[in-house]
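Descriptive analysis of the structure
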Amino acid sequence: MKFALVFLFHGLLFFSFGQAKLEFELKNYEYGQIVLYSDANRSFEFTNTGNEALIISRISTGDGGSMCTYPREPIAPGGKGIIKFHYDTKRIGPFTKTITVQYNGRQYDSKNIIRIKGEVIYPATNVSMEKEVLDIGTILYGELDSISVILQNSGEFPLHITSLYYPTIYSEIDVFYVRVKPLEIKYNSAGVPQDFYEPGQQIKLSFAIRNVMGNVCYFERRLGFRYNSYDTLWVKIKGTFSGGPDKAKTIEQNTIFEYEDNKLVKKTIFSTIGSLYQIHHYDKSNCVHIEKYEASGLKWQEEYYRYGELIEKKNYQKKQ
């Protein structure tokens, strides 16, 4: 019995201490922002901190778009090796990857991994515009008017207009539409219109403004166009709202507009199921206060604005 226990003890020592162990020098890596199609190759060093040779059998980086190369020869105890990571930067947007290693017949070691993240962006380019301030003139209550401006890709790289951006959290109710259209449509090899604008190409920005505000006189609307990921082109539209509904209340679909002296003072929005959704309060042509409600009718948030800028937010506990 004593001999068996001694044999078991030595066997446990063998299995406990006779093993390889991979440890990375770096546990997390942040690329930051990297430009489309740029080099995203990185090398990560590791050490075999165990007491037997380390043999890598497989490496996983998750889904597609990345790959690793690694040493095929055994790494002696105390020895070092390098894993080379490649990410294909043809995909725009943020990404996260995890390098996990299988070695010496083990399953993937969840304790020794490298977490990688970054974001692929379009290369920067320049744009030029005829003018940044557009005067749309006077718009009577209930009427719609439009105005446009020409911009040009004056840089060296393709221009990608990615989104329309409001400087406020809410969208302006009187901006009826915004359209972006090239003066000359260009097609790719498959006969499909290109989703970018080449250097020198001109683009027409069109805006339609509708007077639902009433007789509030002067107004300004500032709209931004995000391009090549994070640059923003700003356009300011100014004009005059005149006239009014000559009544205290109008209804459009799920929205009630309330007026005083032919000027919009409150807009109440209902959900598709008929419950109260939001109440917007106005001073002249600007929203100054928004109340938000959950389906039960309880108020869960209030926002206060000054000239379109959020200055205060109050949150209330939602009903579970």
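The following paragraphs examine the structure supplied in this document.

About the criteria used
Residues numbered from 1 in each chain as written. Predicted model: local features only at pLDDT ≥ 70, side-chain atom pairs only at ≥ 80, totals over all residues. Heavy atoms only, no water. Helix = DSSP H or I, 4+ residues; strand = E, 2+ residues; numbered from the N terminus. Contact = heavy atoms within 4.5 Å. Buried < 20%, exposed > 50% of the residue type's maximum accessible area, 1.4 Å probe, protein only. Pairing = 2+ DSSP bridges. Phe/Tyr/Trp six-rings, centres within 6.5 Å; stacked < 30°, edge-to-face > 60°. Lys NZ or Arg CZ within 6 Å of the ring centre and 35° of its normal. Disulfide = S-S within 2.5 Å.

**Digging into the environment of P182**
Within the secondary structure layout, P182 lies in strand β13 (residues 175–182). Spatially, the C-alpha atom of P182 lies 5.8 Å from that of K204, the residues being 22 residues apart in sequence. Those residues within four positions of P182 in sequence are excluded, and the remaining contacts are Y197, Q201, Q202 and I203.

**Things to note about the pairing of strand β7 (residues 93–103)**
Here β7 lies mainly inside the structure; eight of its 11 residues are buried. Summarising the sheet, strand β4 (residues 56–60) and β7 pair through four bridges and their orientation is antiparallel. In the strand pairing of β7, I56 is matched with Y103. Bridging between β7 and strand β8 (residues 114–121) involves seven bridges; their strand directions are antiparallel. Looking across to β8, one finds that K97 is bridged to I116.

**Thoughts on the packing of aromatic side chains**
Taken as a whole and judged by the stated rule, the model has 10 aromatic pairs. Between the aromatic rings of Y29 and Y31, the centroid separation amounts to 5.1 Å while the plane-to-plane angle is 90°, which identifies the pairing as edge-to-face. One aromatic cluster is present, built from ring pairs that chain together Y29, Y31, F44, F85, Y87 and F95. Stacked on the ring of W234, the Lys or Arg R222 has its end atom at 3.9 Å from the ring centre.

**Remarks on the state of the cysteines**
What we call a disulfide is simply a covalent bond connecting the sulfur atoms of a pair of cysteines. Evaluated as defined, the whole model comprises zero disulfides. In this structure C217 is not part of a disulfide, and its nearest cysteine sulfur, from C287, lies 19 Å away.

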